[in-house]
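# Reading the structure
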Amino acid sequence: MSQFKVPDMSCGHCEKAITGALKKAGADVQVKVDLGTKTVDVQNLPDETVAGLLKDLGYTPEKVK
């Protein structure tokens, strides 16, 4: 599992956009967004892909683990 801090994520729309974009990247991708901690946990997707998709959506992801 990879975790990214997304400090500019702020609402349900952000959560929906991020979840949708990451799940489209692969059939077995698992995504958990936590607005409270502003983190996104992702399984079955390379870190570079996650970071790129988040940047494409206009966010500034920071790799946590």
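Coordinates for the structure precede this section.
My aim in this report is to walk through the structure given alongside it, one point at a time. (Residues numbered from 1 in each chain as written. Predicted model: local features only at pLDDT ≥ 70, side-chain atom pairs only at ≥ 80, totals over all residues. Heavy atoms only, no water.)

Pairing between sheet strands relies on hydrogen bonds along the backbone, with the strands arranged either parallel or antiparallel. With antiparallel pairing, the 4 strands of this open sheet are ordered in space as β2-β3-β1-β4. Each end of this open sheet is capped by a strand with a single partner; those strands are β2 (30–34) and β4 (62–63). Bridge count for strand β1 (residues 2–5) against strand β3 (residues 39–43) is 4 bridges, and the pairing is antiparallel. Within the sheet, the bridge partner assigned to S2 lies in β3 and is V42. Its contacts with the sheet place helix α1 (residues 12–24) against β2 and β3, and it is angled at close to 165° to β2. Contacting β1, β3 and β4, helix α2 (residues 47–56) runs over the sheet at an angle of about 30° to β1. (Pairing = 2+ DSSP bridges. Helix = DSSP H or I, 4+ residues; strand = E, 2+ residues; numbered from the N terminus. Contact = heavy atoms within 4.5 Å. Axes fitted to C-alpha atoms, helices over the stretch in contact; angles between N-to-C directions.)

Below, the discussion takes up the side chain of Q3. Inspection of the secondary structure puts Q3 in strand β1. Judged by relative accessible area, which is 16%, Q3 ranks as buried. Among the polar contacts made by the side chain of Q3, one reaches the side chain of D41 at a distance of 2.7 Å. Each residue touching Q3, except ones within four places of it in the same chain, is listed here: T39, V40, D41, E62, K63, V64 and K65. (Buried < 20%, exposed > 50% of the residue type's maximum accessible area, 1.4 Å probe, protein only. Polar contact = N/O pair within 3.5 Å; in protein donor to acceptor, adjacent residues only side chain to side chain.)

Here the focus is unusual backbone geometry. Non-glycine residue K38 carries a positive phi angle of around 55°. Position of K38 relative to the elements: it lies in the loop between β2 and β3. A residue is classified by how much of its surface remains accessible, and K38, at 27% relative accessible area, is partly exposed. With phi around 70°, N44 is a residue other than glycine that occupies positive phi space. For N44, the location among the structural elements is in the loop between β3 and α2.

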